[in-house]
Amino acid sequence: MAEKAILFDTTKCMACRACQVACKQWNELSAETTKCEGTYENPPDLSHKTWVKINFTETERNGSPAWLFSRQACMHCTDAACVKVCPPKALSHHELGMVTYDKDLCTGCGYCVDACPFHTPRTNRNLITGIAKMEKCVMCTTPGLDRVGNGLEPACVKTCPPLALQFGDRDTLVNEGKSRVSALAAKGYSNAYLYGENELGGLHVLYVLDDSPQVYGLPVNPKISGVTVATQSVIQPAGMLLGGLTIVGLGLNFMVAREAKLAKEPGRAKKEK
Ligand code: SF4
Ligand code: SF4
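Every chain is numbered on its own, with residues counted from 1 as its sequence reads. Ligands are numbered from 1 and chains lettered from A, in the order in which they are written. The predicted nature of this model means local features are confined to residues of pLDDT at least 70 and side-chain atom pairs, given and counted, to a pLDDT of 80 or more, with totals for whole chains, interfaces and linings taken over all residues. Water and hydrogen atoms were dropped before computing side-chain values, which therefore reflect all heavy atoms in the structure.

S.K.: Which parts of the structure should I look at to understand the overall build of the protein?
M.R.: The helix count covers DSSP runs of H or I at least four residues long, the strand count covers runs of E at least two residues long, and both are numbered beginning at the N terminus. A tally of regular secondary structure across the protein gives seven helices and 10 strands. The 273 residues of the protein split such that 42% are buried. Two residues form a contact once any of their heavy atoms are found within 4.5 Å. Counting contacts in the protein only where the partners sit at least 6 residues apart, residues at least 24 apart contribute 58% of the total. To measure how exposed things are, a 1.4 Å probe is used in the Shrake-Rupley method; for residues, cover is taken only from the protein chains shown. Summing over all exposed atoms, the protein offers an accessible surface of approximately 15300 Å²; the carbon and sulfur share of this is 56%. Relative accessibility under 20% of the residue-type maximum defines a buried residue, over 50% an exposed one, and the middle range a partly exposed one, all with a 1.4 Å probe and only protein chains included.

Given below as structure tokens:
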């Protein structure tokens, strides 16, 4: 099955934030209580109940003030640090390429929060039960709220008035993104760039940028940290081995102690003669 993706064209986004609202409405996420901080950017950050957010960057272009708008949400990486680091394997790749998770398996350890190069997943602890769970965008594939599996585009894409968001086959969107970047370069945007084509093995959210990634607050050449790789390939297996050895050791200890106790029981020695 062809992998799917979202193409976000920063040059078309007008920061209406309809995508933020549509995401909350479709995924049944409650509103945030926020304060006016003197900016239209609101809420101030992603959270367990805000899975997509439009970031505002104030800059100067041709001597005039200008706003740059960017989207912050899960990038659905092919080489996904969150998937690599998750001990109970709650995070996984959907057959269409996006990164989803099984909330029942999540233990709320927060390893994915620390490992994600885009600072996307967030955990929330229930104050009554004490149980923590991770939350993030799943590109509208939550069981029971699955738009993509039912042939629909994600809610954010469906609602975007200027069509800054587009959903479809990843290969098609990569070609579309490249041609938009070429058109921008022809207009004099010499740093225009298609972000996500190759980063982390290919992202399933592609950005058409009219300037370099760092201007939009995106990491240049994002990488999975060495700590993440070590956690996956050394620390977790070592921990499991240690846990296994501990259980075997406790079992042997129990058997030896039981034998010693039985040997001291009156009558047992006689019976065995
Ligand atoms: S709905 Fe579209 S135009 Fe509005 S903020 Fe989201 S991406 Fe930008
Ligand atoms: S952006 Fe972060 S949470 Fe999303 S797939 Fe990549 S590593 Fe995982």
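Right, picking up where we left off after that structure.
S.K.: What's the story with the site of ligand 1 in this structure? I'm lost.
M.R.: Nearness is defined per residue: one heavy atom within 4 Å of the molecule or strand is enough. Around ligand 1, 13 residues are found, and the nearest of them are Cys 13, Cys 16, Arg 17, Cys 19 and Cys 160. Under the convention adopted here, Pro, Cys and the residues Ala, Val, Leu, Ile, Met, Phe, Trp and Tyr are nonpolar, Asp, Glu, Lys and Arg are charged, and Gly plus all remaining residues are polar. Class assignment for the residues of the shell around ligand 1 results in 12 nonpolar, no polar and one charged.

S.K.: What is the right way to read the nonpolar core from this model?
M.R.: By nonpolar core is meant a set of buried Ala, Val, Leu, Ile, Met, Phe, Trp, Tyr and Cys residues that side-chain atoms within 4.5 Å join together. Ile 6, Met 75, Leu 91, Phe 118, Leu 165, Tyr 195 and Tyr 207 are the most contacted members of the largest nonpolar core, which has 55 residues in total. Residues within four places of Leu 165 in sequence aside, it is in contact with Ile 6, Leu 7, Phe 8, Cys 19, Arg 71, Cys 156, Val 157 and Cys 160.

S.K.: Just checking my understanding: could you explain the pairing of strand 6 (residues 122–125) for this structure?
M.R.: Two faces make up the sheet, and in a regular strand the side chains alternate between them. The pairing criterion is simple: DSSP has to find at least two bridges between the two strands. With four bridges joining them, strand 6 and strand 7 (residues 132–135) adopt antiparallel strand pairing. Within the sheet, the bridge partner assigned to Asn 124 lies in strand 7 and is Lys 133. Where strand 6 folds back on strand 7, the antiparallel hairpin that results is connected by six residues, among which Gly 130 adopts a positive phi of roughly 80°.

S.K.: Explanation requested: the site of ligand 2 in the structure shown.
M.R.: In the region of ligand 2, the neighbouring residues are Cys 74, Met 75, His 76, Cys 77, Ala 81, Cys 82, Val 99, Cys 116, Pro 117, Phe 118, Pro 121 and Lys 136. Tallied by class, residues from the shell around ligand 2 come to 10 nonpolar, one polar and one charged.

S.K.: Hey, could you run me through the sheet that holds strand 1 (residues 4–9) in this one?
M.R.: Note: strands within a sheet are paired through backbone hydrogen bonds, in either parallel or antiparallel orientation. In spatial order, the strands read 8-1-10-9; together these four strands make up an open sheet with mixed pairing. Whereas interior strands pair on both sides, the edge strands pair on one side only; in this sheet they are strand 8 (165–169) and strand 9 (193–195). On average, adjacent strands in this sheet sit at an angle of 25° to one another, irrespective of strand direction. Here strand 1 pairs with strand 10 (residues 205–209) via four bridges, running parallel. Among the inter-strand pairings, Ile 6 is bridged to a residue of strand 10, identified as Val 205. Together, strand 1, strand 8, strand 9 and strand 10 form the strand contacts of helix 5 (residues 170–186), whose direction differs from that of strand 8 by roughly 135°. In this analysis an axis means a line fitted to C-alpha atoms, helices contributing only their contacting stretch, and an angle means the value between N-to-C directions, from 0 to 180 degrees.

S.K.: I would appreciate a short explanation of helix 5 in the present structure.
M.R.: The α-helix advances 3.6 residues per turn, and as a result positions three or four apart in sequence lie on the same side. The span one expects for a helix is its residue count, reduced by one, times 1.5 Å. With 17 residues, helix 5 should cover 24 Å at 1.5 Å per step; its first-to-last C-alpha distance of 24 Å lies within 8% of that length. Buried residues along helix 5 sit against strand 1, strand 8, strand 9 and strand 10. After helix 5 finishes, the residue Gly 188 shows a positive phi value of roughly 105°.

S.K.: Honestly, the side chain of Asp 211 in this entry has me stumped. Any pointers?
M.R.: In this structure, Asp 211 sits in the loop between strand 10 and helix 6 (226–264). When its relative accessible area of 18% is taken as the criterion, Asp 211 is described as buried. A distance of 3.3 Å separates polar atoms of two side chains, one belonging to Asp 211 and the other to Asn 191. Not counting chain neighbours up to four residues away, the residues in contact with Asp 211 comprise Arg 61, Asn 191, Ala 192, Tyr 193 and Tyr 216. Any pair of nitrogen or oxygen atoms within 3.5 Å is treated as a polar contact; in protein, a donor-acceptor pairing is required on top of that, and neighbouring residues in sequence qualify only through side-chain atoms on both sides.

S.K.: Is there a simple way to think about the pattern of salt bridges in this case?
M.R.: Opposite charge on two side chains lets them pair, provided their charged atoms get close. Take a side-chain nitrogen of Lys or Arg and a carboxyl oxygen of Asp or Glu: if they are within 4 Å of each other, that pair is a salt bridge. With the rule as written, the count across this model stands at 10 salt bridges. We note a salt bridge from Asp 169 to Lys 4, for which the minimum N-O separation is 2.6 Å. Of this pair, Asp 169 sits in strand 8 while Lys 4 is found in strand 1, placing the two residues 165 residues apart along the sequence. You can call Lys 4 partly exposed: its relative accessible area is 22%. A salt bridge links Asp 9 to Arg 180, with the shortest nitrogen-to-oxygen separation between them at 2.9 Å. In this pair, Asp 9 sits in strand 1 while Arg 180 sits in helix 5, placing the two residues 171 residues apart along the sequence. What makes Arg 180 buried here is its relative accessible area of 16%. One network of salt bridges, in which partners are shared, links Asp 9, Glu 176 and Arg 180.

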